[in-house]
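# Observations on the three-dimensional arrangement
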Amino acid sequence: MFYAANEGDHFVGGRVNTAPQVYVHGLVREGRSIEIKQALMSQMLEEIARIVEITAEDVWIYLQDIPAI
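Below you will find a few notes about this structure. (Residues numbered from 1 in each chain as written. Predicted model: local features only at pLDDT ≥ 70, side-chain atom pairs only at ≥ 80, totals over all residues. Heavy atoms only, no water.)

### Some remarks on the overall build of the chain
Looking only at helices and strands, one finds one helix and four strands in the chain. Counting helices and strands in the order they occur from the N terminus, the chain gives β-β-β-α-β. Against the compact-globule benchmark of 11 Å for 69 residues, the chain has a radius of gyration of 14 Å, which places it well outside the compact range. With the C-alpha coordinates aligned to their principal axes, the bounding extent of the chain is approximately 40 × 25 × 25 Å. By residue count, 16% of the 69 residues in the chain fall in the buried class. For the chain, the proportion of contacts with a sequence separation of at least 24, taken over those separated by at least 6, is 63%. Entry remark: accessible area of the chain is about 5,900 Å², with carbon and sulfur atoms responsible for 56%. Considering the chain, the positive charge centre built from 5 side chains and the negative charge centre built from 10 side chains are found 7 Å apart. (Helix = DSSP H or I, 4+ residues; strand = E, 2+ residues; numbered from the N terminus. Rg over C-alpha atoms; globule rule 2.2 N^0.38 Å. Buried < 20%, exposed > 50% of the residue type's maximum accessible area, 1.4 Å probe, protein only. Contact = heavy atoms within 4.5 Å. Areas by Shrake-Rupley, 256 points an atom, 1.4 Å probe, with all protein chains shown as cover. Lys, Arg positive; Asp, Glu negative; His and termini not counted. Charge placed at Lys NZ, Arg CZ, Asp CG, Glu CD.)

As structure tokens, this is what we get:
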């Protein structure tokens, strides 16, 4: 799912953020090693920055473990 923030609706450090940024909230099955999760995030970071044409510093990735059922 994608959500776009309206200009002036996103704040960083108490100030309106004007830099183009991408935030990723990923759900991964629990049990994955830290190394696997780091590799996944690195690949996502590289590809997102390339596709969207922004710097890696403007990509934020959060992974959340969910039960493997």
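### Describing the pairing of strand β4 (residues 59-66)
Where strand β3 (residues 22-29) meets β4, eight bridges bridge the pair, whose relative direction is parallel. Opposite Y23, over in β4, you have W60 as the bridge partner. The parallel pair β3 and β4, bridged by helix α1 (residues 34-52), forms a crossover whose chirality is right-handed. (Pairing = 2+ DSSP bridges. Right-handed = clockwise from strand over helix to strand, strands pointing away.)

### Some words on a nonpolar patch on the surface
Where nonpolar side chains cluster on the molecular surface, the patch consists of V12, Y23, W60 and Y62 and spans about 380 Å² of accessible area. Along the chain, Y23 turns up in strand β3. (Patch = residues over 30% accessible without salt bridge, like charges linked within 9 Å, V, L, I, M, F, W, Y side chains within 5 Å. Salt bridge = Lys/Arg side-chain N within 4 Å of Asp/Glu carboxyl O.)

### Considerations on the side chain of K37
One can find K37 in helix α1. On the basis of relative accessibility, which here comes to 18%, the residue K37 falls in the buried class.

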